[in-house]
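This is what each chain is made of:
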Amino acid sequence: LETELDFGLSPSDQIKISVGHTMVHRGATNAFRFTGAQLGYMHVFEEAEKNEWGVAGFIGLGFEQVEAATGAIEHSTNGELAVFAQKNFGQDNRWSYVVNLGAEYSRLNESGEASVEYSLSQGIAYEINRHWIGAIEAVGRAEYLDGKTFEWSGLFIGPTLTYNQKEISFSLGVLAQVVGNPREKGDL
């Protein structure tokens, strides 16, 4: 579960704060556990409503708590870079094609193990009315230890529904994993 707050600094700049939690099942106890936080900055270079393509860039820094195979909690620091592009089309520009390309570097503080995760996501969205947007999204991810040794990859596809009302929006997305490699790490 990730909660994200975005604060507009100007029409083309915003700050993002996100906090993550996961559901932990331990015997008879079910609880949410804090998993990390990120602070990020996004700049819009071109708006899709005013130009043929909308383009934005993102940079973020964060930390996470991850559970090792032994059950111990390890801490990691990470940095993320991403580029977003959007093309509006169709009658009244109600359709959008969106593509995001990103890379995230993570380093476990205790063991020193580092990894780089690359992601490519694409989606088609339709503005149902001025408040609701429906979409289909596909996300491909691949992780490499120390940036060079292949660790795992996966492809996730699913629907997303977004509600926008002036200064607040909510999104619900369900991405099912449809492909994973290798079988012992990324299988379904």
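A. Local environment of the overall build of the protein. A tally of helices and strands in the protein yields one helix and 11 strands. In sequence order, the protein lays out its α and β elements as β-β-β-β-β-β-β-β-β-β-β-α. Dimensions of the protein, computed from the C-alpha atoms along their principal axes, are close to 55 × 40 × 35 Å. Evaluated residue by residue, the protein yields a buried proportion of 26% over its 188 residues. Within the protein, residue pairs in contact and separated by at least 24 positions form 37% of the contacts whose partners lie at least 6 positions apart. If you sum the accessible surface of the protein, you get close to 12,300 Å²; carbon and sulfur atoms cover 58% of it. For the protein, the distance from the average position of its 13 positive side-chain charges to the average position of its 25 negative side-chain charges is 3 Å.

B. Quick peek at the pattern of salt bridges. Under the counting rule described, the total for this entry stands at four salt bridges. One salt bridge in this structure joins E47 and K50, with 3.6 Å as the shortest N-O distance. The exposure class of K50 is exposed, given its relative accessible area of 65%.

C. Layout of a nonpolar patch on the surface. Among the surface-exposed residues, F89, W95, I124, Y126, I128, W132 and L161 lie close enough to one another that they form a single nonpolar patch of about 600 Å² accessible area. Its location among the elements puts L161 in strand 9 (residues 149-165). L161 gets classed as partly exposed once you look at its relative accessible area, which sits at 39%.

D. Highlighting the packing of aromatic side chains. Applying the stated criterion across every chain, the model contains seven aromatic pairs. Both rings, one in W95 and one in Y126, keep their centres 4.8 Å apart while their planes meet at 50 degrees; by these two values the pair is tilted. With W95 in strand 6 (residues 95-108) and Y126 in strand 7 (residues 114-127), the pair connects residues that are 31 residues apart, well separated along the chain. Take W95: its relative accessible area is 35%, and that puts it in the partly exposed class. For Y126, a relative accessible area of 31% translates into the label partly exposed. Measuring from ring centre to ring centre gives 6.0 Å for Y118 and Y144, while their planes differ by 65 degrees; the resulting arrangement is edge-to-face. Of this pair, Y118 sits in strand 7 while Y144 sits in strand 8 (residues 132-145), and the two are 26 residues apart along the sequence. When its relative accessible area of 25% is taken as the criterion, Y144 is described as partly exposed. Taken together, F89, W95 and Y126 form an aromatic cluster joined through their ring pairs. Above the face of the F156 ring, R141 is positioned so that its terminal group lies 5.9 Å from the ring centre.

Cut-offs applied
- Residues numbered from 1 in each chain as written.
- Predicted model: local features only at pLDDT ≥ 70, side-chain atom pairs only at ≥ 80, totals over all residues.
- Heavy atoms only, no water.
- Helix = DSSP H or I, 4+ residues; strand = E, 2+ residues; numbered from the N terminus.
- Buried < 20%, exposed > 50% of the residue type's maximum accessible area, 1.4 Å probe, protein only.
- Contact = heavy atoms within 4.5 Å.
- Areas by Shrake-Rupley, 256 points an atom, 1.4 Å probe, with all protein chains shown as cover.
- Lys, Arg positive; Asp, Glu negative; His and termini not counted.
- Charge placed at Lys NZ, Arg CZ, Asp CG, Glu CD.
- Salt bridge = Lys/Arg side-chain N within 4 Å of Asp/Glu carboxyl O.
- Patch = residues over 30% accessible without salt bridge, like charges linked within 9 Å, V, L, I, M, F, W, Y side chains within 5 Å.
- Phe/Tyr/Trp six-rings, centres within 6.5 Å; stacked < 30°, edge-to-face > 60°.
- Lys NZ or Arg CZ within 6 Å of the ring centre and 35° of its normal.

Nothing here speaks to function; it is geometry throughout.
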